[in-house]
Amino acid sequence: MFLLSYSNLSSSTMKILAVLLMTMSFISLGFSEKVASNSSDSDHPYEAIFNFGDSLSDTGNFLSSGALAFPVIGKLPYGETFFRHATGRCSDGRLIVDFIAEAYGLPYLPPYLKLTKGQDVHKGVNFAVAGATALDAGFFYQRGFGKILWTHDSLSVQLDWFKKFKRSLCTTRQDCDKYLKNSLFLVGEIGGNDYNYAAFAGGNINQLLATVPVVVEAITNATSELIAEGAVELVVPGNLPVGCSPLYLTLFQSQNKTDFDENGCMKSFNAFAQFHNKHLNLALDTLRNKNPHVRIIYADYYGAAKRFFHKPGHFGFSGETLLRACCGGGGPFNFNNSARCGHIGSKACTNPSIYANWDGIHLTEAAYRHIAKALIEGPFSHPPLRSSPFKIP
Ligand SMILES: *[C@@H]1O[C@H](CO)[C@@H](O)[C@H](O)[C@H]1NC(C)=O
Ligand SMILES: *[C@@H]1O[C@H](CO)[C@@H](O)[C@H](O)[C@H]1NC(C)=O
Ligand SMILES: *[C@@H]1O[C@H](CO)[C@@H](O)[C@H](O)[C@H]1NC(C)=O
């Protein structure tokens, strides 16, 4: 979602801190098999994936943007698990979007800001930027806290990139319609940062609640615009259970037991995420009614991730590791703002696969894998995503 630093919470001094087209061999094998056996549409449901969002799905845009001189996401232990080097992903390894690409037999999406001349872009591009908001930067400047934004590459900026970029994907109206009709559009997760920035600028829960309608509108506006551009199959994810994240648990620590649910998560912030998700769902219903020819799929990140806390063992996590970040600088949740993951004084756990949370804010590859699986294999996409030719292990 975002990377934040609050160097001194009590004085409210806050600062924002801070590819690859690699196809795994089994995928390329699978690919040639399918081609050889005269592939049908159902074998490879999508020609391309286009992704918009924030750090939950950024595969390198923020790092390429050069917004920070020495971003920690540009070095190990970020990327240690799968890629074995930092790629600009805010995790130890692959993200949900990477697992979705694998499942549909497509390459990992190259980040838009890192594209080079002649690169094959016809299987999709990623426009997501870590730290991005659903609302434009102006909204936050008007309210006096624009300076804490990590990036101005909001959802509408990403959408403008796509509109310009579309010209290099297809030319005639007919061409474009056909190509985009066979593409999958992932609109988010986005919106989490809008609330995070507001919360860290000192907004109380009522002020956060009041921004939900406009954040949701920004998301549905972008979805509408993509439909107008020719998108026919879109996935719009909701927010994660942020009340279970080491960052929130550390920032808003409380001695009052009634603030926590039976899994140790903060009730108020989980309720807030659910409130956003409920509004988003209502807005998506309206959008579906207006566009009966389009498939708008709600991806229930909240439900898919909340399972980790109910049954950690089922996912290879444990009760002890669940509310702790794998990589951090100590404290009850292993989130220490003076020693965030990648900074001096922090260290990564030896086995990230038994942790759901990577750096206090973002999830581990292990958690993203389970979420992606839950979205594709069900039952956390409404209506369901198309079945994939490759199973997520
Ligand atoms: C959504 O689109 C409508 C119509 O173009 C516009 O009036 C409104 O300001 C937009 N909302 C946001 C949050 O961008
Ligand atoms: C704990 O929170 C509950 C609900 O907000 C409140 O009724 C109660 O007084 C609080 N207890 C303490 C010890 O602050
Ligand atoms: C947080 O990190 C700072 C800097 O490394 C360190 O001095 C402090 O002891 C750490 N706090 C905890 C709770 O581990």
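Residues numbered from 1 in each chain as written. Chains lettered and ligands numbered in written order. Predicted model: local features only at pLDDT ≥ 70, side-chain atom pairs only at ≥ 80, totals over all residues. Heavy atoms only, no water.

Focus: the overall build of the protein
Filter applied, for reference: Starting at the N terminus, helices and strands are each numbered in turn, a helix being any DSSP run of H or I of at least four residues and a strand any DSSP run of E of at least two. Categorising residues by exposure relies on relative accessible area from a 1.4 Å probe, with only protein chains included: less than 20% of the type maximum marks a residue as buried, more than 50% marks it as exposed, and the intermediate range marks it as partly exposed. Working definition of accessibility: Shrake-Rupley area with a 1.4 Å probe, residue cover restricted to the visible protein chains.
Looking only at helices and strands, one finds twelve helices and ten strands in the protein. For the protein, the proportion of its 393 residues judged to be buried stands at 59%. Total accessible area on the protein is roughly 15,900 Å²; 54% of this is exposed by carbon and sulfur atoms.

A few points about the state of the cysteines
Convention followed: Sulfur atoms of two cysteines make up a disulfide when they are within 2.5 Å.
In the structure shown here, the tally under the stated rule is four disulfides. Paired through a disulfide, C170 and C176 show a sulfur-sulfur distance of 2.1 Å. When the S-S torsion is 105°, as for the bridge of C170 with C176, the disulfide is right-handed. Comparing C170 with C176 shows no difference in burial state: the two are buried. Put simply, C326 and C349 are joined by a disulfide, and their sulfur atoms are 2.1 Å apart. A torsion of -95° about the S-S bond marks the disulfide between C326 and C349 as left-handed. Placement of the pair is C326 in the loop between α11 (301-310) and β8 (327-328) and C349 in the loop between β9 (347-348) and α12 (365-377), with a sequence separation of 23 residues.

Considerations on the sheet that holds strand β4 (residues 124-126)
What counts is decided by this rule: Paired strands, in this sense, are two strands between which DSSP finds at least two bridges. Contact criterion: two residues are considered in contact whenever any of their non-hydrogen atoms come within 4.5 Å of each other. Throughout, an axis means a line fitted to C-alpha atoms (over the contacting stretch in the case of helices), and angles, computed between N-to-C directions, take values from 0 to 180 degrees.
Ordered by their spatial adjacency, six strands build an open sheet running β4-β3-β5-β6-β7-β10, and the pairing between neighbours is mixed. Two strands close off the open sheet at either side, each with one partner strand: β4 and β10 (381-382). Seen against the sheet, helix α6 (residues 173-181) touches β3 (48-52) and β5 (183-187) and runs at an angle of roughly 65° to β5.

Structural notes on the pattern of salt bridges
Using the following cut-off: Every case where a carboxyl oxygen of Asp or Glu lies within 4 Å of a side-chain nitrogen of Lys or Arg is listed as a salt bridge.
Applying the stated criterion across every chain, the model contains twelve salt bridges. With its nearest N and O atoms 2.9 Å apart, the salt bridge here joins D285 to R288. With D285 and R288 both in helix α10 (residues 267-290) and three residues apart, the pair spans about one turn of that helix. Residue R288 is classed as partly exposed on the basis of its relative accessible area, which comes to 21%. Members of the salt-bridge network, linked through shared partners, are R94, E102, E365 and R369.

Digging into the packing of aromatic side chains
Let me state the cut-off plainly: Here is the rule: rings of Phe, Tyr and Trp (six-membered ring for Trp) pair when centre to centre is within 6.5 Å. Planes less than 30 degrees apart are stacked, more than 60 are edge-to-face, and the remainder are tilted.
Taken as a whole and judged by the stated rule, the model has 26 aromatic pairs. Between F52 and F127, the aromatic rings sit 5.2 Å apart at their centres with planes inclined by 10°, giving stacked as the arrangement. Of the two residues, F52 is situated in strand β3 and F127 in the loop between β4 and α4 (137-142); the sequence distance between them amounts to 75 residues. An angle of 75° between the planes, with centres 6.0 Å apart, marks the rings of F127 and F165 as edge-to-face. One end of the pair, F127, is in the loop between β4 and α4; the other, F165, is in helix α5 (residues 155-165), and 38 residues separate them in sequence.

With respect to the confidence of the model for the protein
Low-confidence regions, as indicated by low pLDDT, have predicted coordinates that should not be scrutinised in detail. Spelled out, the test is: By definition, pLDDT measures how confident the predictor is in each residue, and it falls between 0 and 100.
Across the protein, the average pLDDT comes to 89, with 89% of residues at or above 70. Ignoring residues within four places in sequence, the model shows residues 1-40, a span with pLDDT below 50, making 103 contacts including any to other chains.

With respect to the side chain of S154
Applicable threshold: Each polar contact in these results corresponds to two N or O atoms within 3.5 Å; when the atoms are within protein, one needs to be able to donate a hydrogen and the other to accept it, and residues that are neighboring in sequence are counted only if both atoms are side-chain atoms.
As for its placement among the helices and strands, S154 is situated in the loop between α4 and α5. Here D136 takes part through its side chain, which lies 2.6 Å from a polar atom of the side chain of S154. Once residues within four sequence positions are removed from consideration, S154 is found in contact with T133, L135 and D136.

Considerations on the packing of helix α8 (residues 205-229) against α10
Packed helix pairs are specified by the crossing angle of their axes together with the interaxial distance, meaning the distance between the axes. Stated formally: Whether a crossing is left-handed or right-handed is set by the direction in which the near helix is turned from the far one by less than a right angle, anticlockwise for left-handed and clockwise for right-handed. Gly is put with the polar residues, along with every residue not named as nonpolar or charged; the nonpolar set is Ala, Val, Leu, Ile, Met, Phe, Trp, Tyr, Cys and Pro, and the charged set is Asp, Glu, Lys and Arg.
Closest axis-to-axis distance for the α8/α10 pair is 9 Å, and the angle between their directions is 35°. Handedness of the crossing formed by α8 with α10: right-handed. Contacts from I205, L208, L209, V212, V215, V216, I219, T220, T223 and S224 in α8 reach S268, F272, F275, H276, H279, L280, A283, L284 and L287 in α10. Each residue belonging to the contact of α8 with α10 can be placed in one class, and the counts come to 13 nonpolar, six polar and no charged.

Examining the environment of E262
Topologically, E262 is positioned in the loop between α9 (246-251) and α10. Overall, E262 belongs to the exposed group, its relative accessible area being 67%. Through-space distance from the C-alpha of E262 to that of F309 is 9.3 Å; in sequence the pair is 47 residues apart.

Some remarks on the site of ligand 1
To keep things clear, this is the line we draw: Proximity criterion: a residue is near a molecule or strand once any of its heavy atoms comes within 4 Å of it.
Around ligand 1 lies a shell formed by L135, V214, E217, A218 and N221. For ligand 1, a nitrogen atom lies 2.6 Å from a polar atom in the side chain of E217. One nitrogen or oxygen atom from the side chain of N221 is found 2.3 Å from an oxygen atom belonging to ligand 1. For ligand 1, whose unbound accessible area comes to 360 Å², protein coverage reaches 37%. Taken together, the residues that form the shell around ligand 1 break down as three nonpolar, one polar and one charged.

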